[in-house]
Amino acid sequence: MKDFDFIHSTHLDVLQEIGNIGAGHAATSLSALLGRKIEMTIPEAAIIPFDQIPDRMGGSENEIAAIYTPITGDAPGSVYFFSDAIQSNAVIQQLTDPLSESSKQDLAAQYGQSAFLEAGNIVIGSYLSAFADLTGLQVARGVPDLSIDMAGAIISHGLSRLLIQSDVAICIDTHMKIDGEATVRNFGSILLLFDPESFEVLFKALGVEIDE
Amino acid sequence: MNEVVTIGMAELSCSSESALLRTSGLGSCVGVIIYQEGSTHAAMAHIMLPSVTISSNREHKIGKFADVAIPELVRQLRAKGAASYRLKAKIAGGAQMFASAGNEMMRVGERNVIAVKEQLNELKIPLIAEDTGGKNGRTISFDPTTHELTIRTVHLGTKVI
């Protein structure tokens, strides 16, 4: 396995731009779903040691609700859509009828969980289809699934394939919030991780030279 | 209040002066504790994958693979004066965080637990207690003076093995 020193800031800039467009699509679809304007941060694309990833999710023990989908096809990897557990209830309340107090439509309820899963599925779907359009790569997504647990435990699932080959990960992350509301951490964040075998395919598709 | 040694992903460490050993956010990973009966010798690893043989020859963190990390725990304990024939083990972790990802590769939690047990068996270290499998993340801490392993989960509360 080659070292990743060949990846320069130009490469990361291109990835960041892709993340920007992908997340833009994702924010638009979440906005349509919630009926609220969604703001997003400029995505950050970085090569980081894997053990720093939980810090980007609020820390290893931070309780989050996360939708995970494996990416298969030309550029294998993983996508996560996640919120802090408390924030995910806010997402769910926007999705469901906030007036029907009796049905307790929060994350603890089955109904709330399927609403959140569906939101995550739509967000991830629009992100990845924008990604596929831009890169011309064939990428498919697997069955999405929900877990409510510690960030460190959740991320270990997506990392396991990547870590066989490397101690670093290419990660692109974006954070979204409802426009006009106070900035909250991890209202809805998207995290993409690529397996090392995807790096060259990815940059080749983007027309970025890899000088080895 | 005891001092705490925190072990990150793919790291391992020995306890010194009976400090608590702690690692957080174990998902498919397995936390392995090896300790010596009747003493405060103890060491913990946060193992992420079964074996280095399926890996490349790049440099890796020493605690990442079961087949590298467990012999290293024993080596470090012995270097501190532990008697290898009196070593015991406790393990926790190896969950499957996402149910739908059911293919062979992604059942890494289960494969991690098997690999850890094989290593312990090979090194003739008795496994005294375990809390493995399921679909919950775990944060664990081990007290080298009482040999109690405390396991905290988000949904199932805290237990001691």
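Analysis parameters
- Position numbers for residues count from 1 along each chain, tracking the sequence in the order it is written.
- All chains are assigned letters beginning with A, and all ligands numbers beginning with 1, in the order in which they are written.
- Local features in this predicted model are restricted to residues whose pLDDT is 70 or higher, and side-chain atom pairs enter the listing and the counts only when it is 80 or higher, whereas totals over whole chains, interfaces and linings include all residues.
- Note that the side-chain values use all heavy atoms of the structure and ignore hydrogens as well as water.
- Secondary structure elements are defined from DSSP: runs of H or I of at least 4 residues count as helices, runs of E of at least 2 residues count as strands, and each element is numbered from the N terminus.
- Working definition: with a 1.4 Å probe on protein chains only, accessible area under 20% of the residue-type maximum means buried, over 50% means exposed, and in between means partly exposed.
- Pairs of residues are marked as contacts when any of their non-hydrogen atoms sit within 4.5 Å.
- Only the protein chains shown count as covering a residue, and every accessible area follows the Shrake-Rupley method with a 1.4 Å probe.
- A pair is scored as a salt bridge if a Lys or Arg side-chain nitrogen falls within 4 Å of a carboxyl oxygen belonging to Asp or Glu.
- With axes taken as lines fitted to C-alpha atoms, and helix axes fitted only over the stretch in contact, angles between N-to-C directions fall between 0 and 180 degrees.
- Handedness of a crossing is defined here by the sense of rotation of the near helix relative to the far one, left-handed for an anticlockwise turn of less than a right angle and right-handed for a clockwise turn.
- Amino acids outside the nonpolar list (Ala, Val, Leu, Ile, Met, Phe, Trp, Tyr, Cys, Pro) and the charged list (Asp, Glu, Lys, Arg) are all regarded as polar, and Gly is one of them.
- UniProt positions are given in the numbering used here, feature names are shortened, and annotations may be inferred rather than shown by experiment.
- Buried area adds together the accessible area that both of two parts lose upon being put together, with accessible area traced by a 1.4 Å probe.
- Residues adjacent in sequence count toward polar contacts only when both atoms are side-chain atoms; beyond that, a polar contact is any pair of N or O atoms within 3.5 Å, and within protein one must be able to donate a hydrogen and the other to accept it.
- When DSSP finds at least two bridges between two strands, those strands are taken to pair.

Trainee: I would appreciate a short explanation of the overall build of chain A in the present structure.
Mentor: A count of helical and extended segments in chain A gives six helices and eight strands. For chain A, the sequential pattern of α-helices and β-strands runs α-β-β-α-β-β-α-α-β-β-α-β-β-α. A burial count over chain A gives 58% of its 212 residues as buried. Contacts in chain A between residues at least 24 apart in sequence constitute 74% of all its contacts with a sequence separation of at least 6. Taken as a whole, chain A presents about 8300 Å² of accessible surface, with 50% of it coming from carbon and sulfur.

Trainee: Whenever I open this one, the pattern of salt bridges confuses me. Can you help?
Mentor: If the charged atoms of two oppositely charged side chains come close together, the side chains can form a pair. A full pass over the atoms with the stated rule returns 13 salt bridges over all chains. Through salt bridges with shared partners, one network takes in E44(A), R56(A) and D173(A).

Trainee: Teacher, can you tell me more about the packing of helix 1 (residues 9-34) of chain A against helix 4 (residues 110-135) of chain A here?
Mentor: For any two helices packed against each other, the geometry comes down to the angle between their axes and how far apart the axes lie. Residue and element names in this part refer to chain A. Closest axis-to-axis distance for the helix 1/helix 4 pair is 8 Å, and the angle between their directions is 145°. Relative to helix 4, the crossing made by helix 1 is right-handed. Contacts between helix 1 and helix 4 involve I18, G19, I21, G22, A23, H25, A26, S29, L30 and L33 on the former and, on the latter, A119, I122, V123, S126, Y127, A130, F131, L134 and T135. For the contact of helix 1 with helix 4, the residue count by class is 13 nonpolar, six polar and no charged.

Trainee: How should the UniProt feature "domain: CheC-like protein" (unreviewed entry) in chain A be read in this particular structure?
Mentor: Residue and element names in this part refer to chain A. According to UniProt, the feature "domain: CheC-like protein" (unreviewed entry) maps to residues 11-44 and 114-147 in the numbering used here. Along residues 11-44 one finds 71% helix and 12% strand; the C-alpha atoms at either end are 12 Å apart. The straight-line gap between the two end C-alpha atoms of residues 114-147 is 11 Å; of that span, 65% is helix and 18% is strand.

Trainee: What is the right way to look at the interface of chain A and chain B in this model?
Mentor: Accessible area lost upon the coming together of the parts is a frequently used measure of interface size. Listed as interface residues are 35 residues of chain A and, on the opposing side, 38 residues of chain B. Between chain A and chain B, roughly 2800 Å² of surface is buried when both sides are summed, and carbon and sulfur atoms account for 60% of that area. Summed over the shared surface of chain A and chain B, the result is four salt bridges. Residue R152(B) is joined to E61(A) by a salt bridge in which the shortest nitrogen-to-oxygen separation is 2.9 Å. Run the count over chain A and chain B and you get eleven residue pairs in polar contact (both at pLDDT 80 or more). Breaking the side of chain A that touches chain B down by element, the ones donating at least two residues are strand 3 (63-73), strand 6 (145-150) and helix 5 (151-163) of chain A. Among the elements that line the side of chain A that touches chain B, the one with the most residues is helix 5 of chain A, at ten residues. Looking at side-chain class alone, the side of chain A that touches chain B contains 18 nonpolar, eight polar and nine charged residues.

Trainee: What am I meant to see in the sheet that holds strand 7 (residues 127-132) of chain B here?
Mentor: Hydrogen bonds along the backbone pair up the strands of a sheet, which may run parallel or antiparallel. Residues and elements named next belong to chain B. The five strands are arranged 2-5-4-6-7 in an open sheet whose pairing can be described as mixed. For this open sheet the edge positions go to strand 2 (12-14) and strand 7, each flanked by a neighbour on one side alone. With strand direction ignored, the average angle separating the axes of adjacent strands in the sheet is 10°. Summarising the sheet, strand 2 and strand 5 (residues 42-47) pair through three bridges and their orientation is antiparallel. Bridging from a neighbouring strand, S13 pairs with M44 of strand 5.

Trainee: Just checking my understanding: could you explain the side chain of S160(A) for this structure?
Mentor: Residue and element names in this part refer to chain A. Of note, S160 is situated in helix 5. Since its relative accessible area comes to 2%, S160 is described here as buried. A distance of 3.0 Å separates a polar atom in the side chain of S160 from the backbone oxygen of H157.

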